[in-house]
Amino acid sequence: MGYELRVERDAPLAYAELASVSARAGFELRGSHEAGEIVARHGDAVHQIAIWSGRLFGQPGSDWQVAQLALLTDLMGARLVGEDGEAYGLRNGVVEQINGSSTYEFGKLEEIIAAGPTEWSA
């Protein structure tokens, strides 16, 4: 099991809203209101972005997956939070991680999405 990023927001996330936001972002929601996954295409391949099981979370293995999660989270007015309390999000089209007073920029959203899901090395 990899590092988990969870989607948090003040109002509970309903499955119907998740389906609507996912479609608006160009993602596909597979499964049911009880359990499923959100996937995105890059080229001919399909990649998992998030897992739904009454809550929404992801285990990204690339900057591309972090960017997709940040986009989805932004569209639903939520926060993307890591296991260590750091936050991920979009600011002025840039995907960033904020941890205390430190900020790390992954890069421009559109460039990361275009580059595709290049897996991080161990």
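Located above this text is the structure these notes cover.
Residues numbered from 1 in each chain as written. Predicted model: local features only at pLDDT ≥ 70, side-chain atom pairs only at ≥ 80, totals over all residues. Heavy atoms only, no water.

Enquirer: Is there a simple way to explain helix H1 (residues 15-24) in this structure?
Expert: Since the α-helix advances by 3.6 residues per turn, residues separated by three or four positions end up pointing in the same direction. Listed in full, the buried residues belonging to H1 are Leu18, Val21 and Ser22. Down the axis of H1, the sector holding all buried residues measures 100 degrees, keeping them to one side. Of the exposed residues in H1, the ones pointing more than 90 degrees away from its buried face are Ala16, Ala23 and Arg24. Elements that come into contact with the buried residues of H1 comprise strand S2 (28-31), strand S3 (36-42), strand S4 (45-52), strand S5 (56-58) and helix H2 (63-75). Two residues or fewer after H1 comes Gly26, characterised by a positive phi angle close to 90 degrees. (Buried < 20%, exposed > 50% of the residue type's maximum accessible area, 1.4 Å probe, protein only. Helix = DSSP H or I, 4+ residues; strand = E, 2+ residues; numbered from the N terminus. Arc of directions from axis to C-beta. Contact = heavy atoms within 4.5 Å.)

Enquirer: What am I meant to see in unusual backbone geometry here?
Expert: Trans peptide bonds make up the majority, and among non-glycine residues the majority have a negative phi. For Asn92, which is not glycine, the phi torsion reads 55 degrees and is therefore positive. On the secondary structure map, Asn92 appears in the loop between strand S7 (87-91) and strand S8 (94-99).

Enquirer: Explanation requested: the sheet that holds strand S1 (residues 5-8) in the structure shown.
Expert: Strands in a sheet are paired, the pairing made by backbone hydrogen bonds, and the direction either parallel or antiparallel. Spatial strand order, S2-S3-S4-S5-S1-S6-S7-S8-S9: 9 strands in an open sheet with antiparallel pairing. Two strands close off the open sheet at either side, each with one partner strand: S2 and strand S9 (102-108). Each strand axis lies, on average, 35 degrees off the axis of its neighbour in the sheet, ignoring direction. As judged from the 2 bridges shared by strand S6 (residues 79-82) and S7, these two strands associate in the antiparallel manner. When the bridges of S7 are listed, Val81 appears paired with Ala87. Helix-sheet contacts for H1 involve S2, S3, S4 and S5, and the interaxial angle to S2 is about 140 degrees. Along the sheet, H2 makes contact with S1, S3, S4, S5, S6, S7, S8 and S9, crossing S4 at roughly 50 degrees. (Pairing = 2+ DSSP bridges. Axes fitted to C-alpha atoms, helices over the stretch in contact; angles between N-to-C directions.)

Nothing here speaks to function; it is all geometry.
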